[in-house]
Amino acid sequence: MDKADRKFIFQSLSTIEGYIDPPDALVFQALLHCQQQRQMAGALAEIGVFYGRSYFLMKQLSKGHSPILAIDLFDLDEDRAGEPQQYQRFLDNGRQLGLPVDETNVIRGDSCSLTPDAILSRVGPVRFFSIDGGHHLHHVASDAALALECIAPHGIIVFDDTFNIAWPEVTVGVADFLRQHADTLCCFCVTKYKTYVCHRSWRDFYVETIRQAKQLSALERSEIEFLGSSIIKLHTPLGRRVMFEIMRRSGLGSLSGRAFR
Ligand SMILES: C[S@@+](CC[C@H](N)C(=O)[O-])C[C@H]1O[C@@H](n2cnc3c(N)ncnc32)[C@H](O)[C@@H]1O
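Everything quoted here is computed from the prediction, not taken from an experiment. (Residues numbered from 1 in each chain as written. Predicted model: local features only at pLDDT ≥ 70, side-chain atom pairs only at ≥ 80, totals over all residues. Heavy atoms only, no water.)

With that out of the way, let us pick up the packing of helix H5 (residues 116–123) against helix H6 (residues 137–150). Orientation of H5 relative to H6, taken along the N-to-C sense of each, is 40°, at an axis distance of 9 Å. As summarised for this structure, H5 and H6 are arranged oblique, according to the angle between their axes. Between H5 and H6 the crossing geometry is right-handed. Taken together, the residues of H6 that come into contact with H5 (itself represented by Pro 116, Ile 119 and Leu 120) are Leu 146, Glu 149 and Cys 150. In the contact of H5 with H6, the residues fall into 5 nonpolar, no polar and 1 charged. (Axes fitted to C-alpha atoms, helices over the stretch in contact; angles between N-to-C directions. Helix = DSSP H or I, 4+ residues; strand = E, 2+ residues; numbered from the N terminus. Parallel < 35°, antiparallel > 145°, perpendicular 65-115°, else oblique. Left-handed = near helix turned anticlockwise from the far one by under 90°. Contact = heavy atoms within 4.5 Å. Nonpolar A, V, L, I, M, F, W, Y, C, P; charged D, E, K, R; others polar.)

Shown next, in the form of structure tokens:
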């Protein structure tokens, strides 16, 4: 794997407050790299950027191949005057990482009120769409329907916080969505936190990509059934998680990647 990507995943990622950790970052790397190697066209997009942890990961991994659209309310972190500081912190993080935000591709507002054209007219069809915005049923239903209208035929939709008991409506929303579109869509991979979905015709391709990805070899894989398709479940063995956390917390971030070799 590209050294700069590895350094980003095991050192830079944790400097940004947010919610993607190395196992899913490695899955993002495997999928985006495979799409890029095969010159599969399309933009990247995320609903629910927060301070940009996965946005900057996608920016690092896509190597300027594709525009990245960031969608968020950006209404968090009010200062004493009641002004939200979230957007400024997002921009500052980009500068600090040397991955400046392309502000022409930022939508500040409620994703539930966006039309597919608001996305397609800016960045065109999307090959990798991360959904991590509002976590209630109506948000998930709306964001999933929006993403479906915007993805390329080979596009992937990634849902965050699935199977998380703190956010049960995300799981319900994703299951509803998959069942509603069972003839055309399916899940191909799940991790502890995320569910990866594509068009049925691309399922074998992405399952094989995950199977063959060298950077995922430290994760345990098993095949499970999920709503009519056989999918890969990736699991981080406890020993590796503990080793990673010990190294990271003792300031050995640069060595923490060894836990995933
Ligand atoms: C869990 S955080 C996202 C974490 C982020 N993906 C990361 O990598 O760290 C959820 C984000 O969704 C945003 N959000 C919540 N509801 C939204 C909505 N209806 N439209 C757009 N963004 C929304 C919040 O402002 C917040 O920044």
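Looking now at the sheet that holds strand S8 (residues 220–226). An order of S3-S2-S1-S4-S5-S7-S6-S9-S8 is seen for the 9 strands of this open sheet, with the pairing classed as mixed. If you trace the sheet from one side to the other, it starts and ends with strand S3 (106–108) and S8, each paired once. Within this sheet the neighbouring strands show an average axis-to-axis angle of 20°, counted without direction. As paired strands, strand S5 (residues 151–160) and strand S7 (residues 194–199) are joined by 5 bridges and run antiparallel to one another. Looking across to S7, one finds that Ile 156 is bridged to Cys 198. Strands strand S1 (43–47), strand S4 (126–131), S5, strand S6 (185–190), S7 and strand S9 (229–235) of the sheet are contacted by helix H2 (residues 22–37), whose axis makes an angle of about 165° with S4. (Pairing = 2+ DSSP bridges.)

Next up on the list: the pattern of salt bridges. Close approach of charged atoms lets side chains of opposite charge pair. All told, the structure shown has 12 salt bridges when counted by the stated rule. Linking Glu 208 and Arg 211 is a salt bridge whose minimum nitrogen-to-oxygen distance equals 2.9 Å. Of this pair, Glu 208 and Arg 211 both sit in helix H8 (residues 203–212), 3 residues apart, which is roughly one turn of that helix. (Salt bridge = Lys/Arg side-chain N within 4 Å of Asp/Glu carboxyl O.)

Let us now look at a nonpolar patch on the surface. Taken together, Leu 238, Val 242 and Ile 246 make up a surface patch of nonpolar side chains, about 290 Å² in accessible area. As for its placement among the helices and strands, Val 242 is situated in helix H9 (residues 238–249). (Patch = residues over 30% accessible without salt bridge, like charges linked within 9 Å, V, L, I, M, F, W, Y side chains within 5 Å. Areas by Shrake-Rupley, 256 points an atom, 1.4 Å probe, with all protein chains shown as cover.)

Attention shifts here to the environment of Gln 86. Along the polypeptide, Gln 86 turns up in helix H4 (residues 86–97). Relative accessible area serves as the criterion here: at 0%, Gln 86 is assigned to the buried category. Between the C-alpha atoms of Gln 86 and Leu 73, which are 13 residues apart in sequence, the distance is 9.2 Å. Leaving out residues up to four positions away in the same chain, Gln 86 has contacts with Phe 50, Tyr 51, Asp 72, Phe 74, Asp 75, Leu 76 and Asp 77. For Gln 86, the side chain forms a polar contact with the main-chain nitrogen of Leu 76, separated by 3.1 Å. (Buried < 20%, exposed > 50% of the residue type's maximum accessible area, 1.4 Å probe, protein only. Polar contact = N/O pair within 3.5 Å; in protein donor to acceptor, adjacent residues only side chain to side chain.)

Read these as spatial facts, not as claims about activity.
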